[in-house]
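Listed below, chain by chain, are the residues.
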Amino acid sequence: IEFLTKKKKIFLILLILPFVYTLTVFGSFWGQLKPAVYPASWSKIKSVLEADHRKFLIVAFPWHQYMRYRFNNNQAVYNLAPLYFGDKILSSRDYETKYLDSHETRLEALHVTGLLRIQKEGANLLGEKVDSPVDWAQNLSVIGVKYVLMSKEEGWQDYQFLYTDQNLKKIYDDENFILYENLFYN
């Protein structure tokens, strides 16, 4: 290699470098990437939602931008609900970090975030105390929510307050999901 000039050595290194990093691509980035198959209940829920041709929104809980799914080896990934179920899904875009909470601009999503804050802390997004309990069905119908989709993944038990709402009718329940229909939706 001593017979090569400095320019040729640099060129040779730059030529070889992509091949060195390409090896990790063929090895699934050292096993970090693995294929995952959606459970059958995802397609069942999707067929129920697609059968309804009216204009409506679906709130996806847990309200997180990033989720861990059991079928995805508990890897933290972007919330898959909007990607799988389509543009009717309303899910969180909140970063949930100490210094940057959200970049949310959708009024409907801010409405849901506000309802959750009232439910958990008894205060609205402005920090004002709210004494009355959240009427989920009625408050969600205001923004056009017909269905509430609860993914039974990490943290889903925090949303048990939905069980007691008489106007959220459970229409599907299995090991992966609970689907509620909002009876206030018209």
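A quick note: this is a predicted structure, and the numbers were derived from the prediction, not measured.

**As for the nonpolar core**
Item 1. Ranked by size, the top nonpolar core spans 25 residues in total, and within it Phe-61, Trp-63, Val-112, Trp-136, Leu-140 and Leu-162 carry the most contacts.
Item 2. At the level of secondary structure, the elements contributing two or more residues to this core comprise strand E1 (57-61), helix H5 (107-121), helix H6 (136-141), strand E5 (145-151) and strand E7 (177-182).
Item 3. If one sorts the elements of this core by residue count, H5 sits on top with 5 residues.
Item 4. Leaving out residues up to four positions away in the same chain, Trp-63 has contacts with Leu-90, Ser-91, Ser-92, Asp-94, Glu-96, Ala-109, Val-112, Thr-113, Leu-116 and Tyr-159.
Item 5. Counting residues in hydrophobic clusters, the runner-up holds 20 residues, among them Ile-45, Ile-58, Ala-60 and Phe-85.

**A look at the side chain of Thr-113**
Item 1. Considering the arrangement of structural elements, one finds Thr-113 in helix H5.
Item 2. With near-sequence residues (within four places) excluded, Thr-113 lies in contact with Trp-63, Asp-94 and Leu-125.

**Here we look at the pattern of salt bridges**
Item 1. Taken as a whole, this structure holds 7 salt bridges when the rule is applied.
Item 2. Note that Arg-117 is salt-bridged to Glu-121, the shortest N-O span being 3.8 Å. Of this pair, Arg-117 and Glu-121 both sit in helix H5, 4 residues apart, which is roughly one turn of that helix.
Item 3. Beyond isolated ion pairs, a larger network of salt bridges with shared partners links Lys-152, Lys-170 and Asp-173.

**Brief notes about the pairing of strand E6 (residues 168-173)**
Item 1. As paired elements, E6 and E7 share 5 bridges and run antiparallel to each other. Considered in E7, the bridge of Leu-168 is made with Asn-182.

**Some remarks on the pairing of E5**
Item 1. Burial within E5 is extensive, with 7 of its 7 residues counted as buried.
Item 2. Pairing between E1 and E5: 5 bridges, direction parallel. Bridge pairing in E5 places Val-59 opposite Val-148.

**Description of H5**
Item 1. Here H5 spans 20 Å end to end across 15 residues, near enough to the 21 Å set by a 1.5 Å rise per residue.
Item 2. Taken together, the buried positions of H5 are Ala-109, Val-112, Thr-113, Gly-114, Leu-115, Leu-116 and Ile-118.
Item 3. Once H5 finishes, Gly-122 follows within two positions and takes phi at roughly 75°, a positive value.

**Focus on the sheet that holds E5**
Item 1. Taken in spatial order, the 5 strands of this open sheet run E4-E1-E5-E7-E6, and their pairing is mixed. The sheet terminates laterally at strand E4 (89-90) and E6, the two strands that pair on one side only.
Item 2. Two strands pair when backbone bridges link them, and E1 and E4 are joined in this way by 2 bridges, in the parallel orientation. Considered in E4, the bridge of Val-59 is made with Leu-90.
Item 3. Contacting E1, E5, E6 and E7, helix H3 (residues 40-51) runs over the sheet at an angle of about 15° to E7.
Item 4. Contacts from H5 reach E1 and E4, with the element oriented near 45° to E1.

**Examining the environment of Ala-40**
Item 1. Mapped onto the elements of the fold, Ala-40 is located in helix H3.
Item 2. Residues Ala-40 and Asn-176, 136 residues apart in the sequence, show an inter-C-alpha distance of 9.4 Å.

Definitions and cut-offs
Residues numbered from 1 in each chain as written. Predicted model: local features only at pLDDT ≥ 70, side-chain atom pairs only at ≥ 80, totals over all residues. Heavy atoms only, no water. Core = buried A, V, L, I, M, F, W, Y, C linked by side-chain atoms within 4.5 Å. Buried < 20%, exposed > 50% of the residue type's maximum accessible area, 1.4 Å probe, protein only. Helix = DSSP H or I, 4+ residues; strand = E, 2+ residues; numbered from the N terminus. Contact = heavy atoms within 4.5 Å. Salt bridge = Lys/Arg side-chain N within 4 Å of Asp/Glu carboxyl O. Pairing = 2+ DSSP bridges. Expected span 1.5 Å × (residues − 1). Axes fitted to C-alpha atoms, helices over the stretch in contact; angles between N-to-C directions.

Any functional reading would require information beyond the geometric quantities listed.
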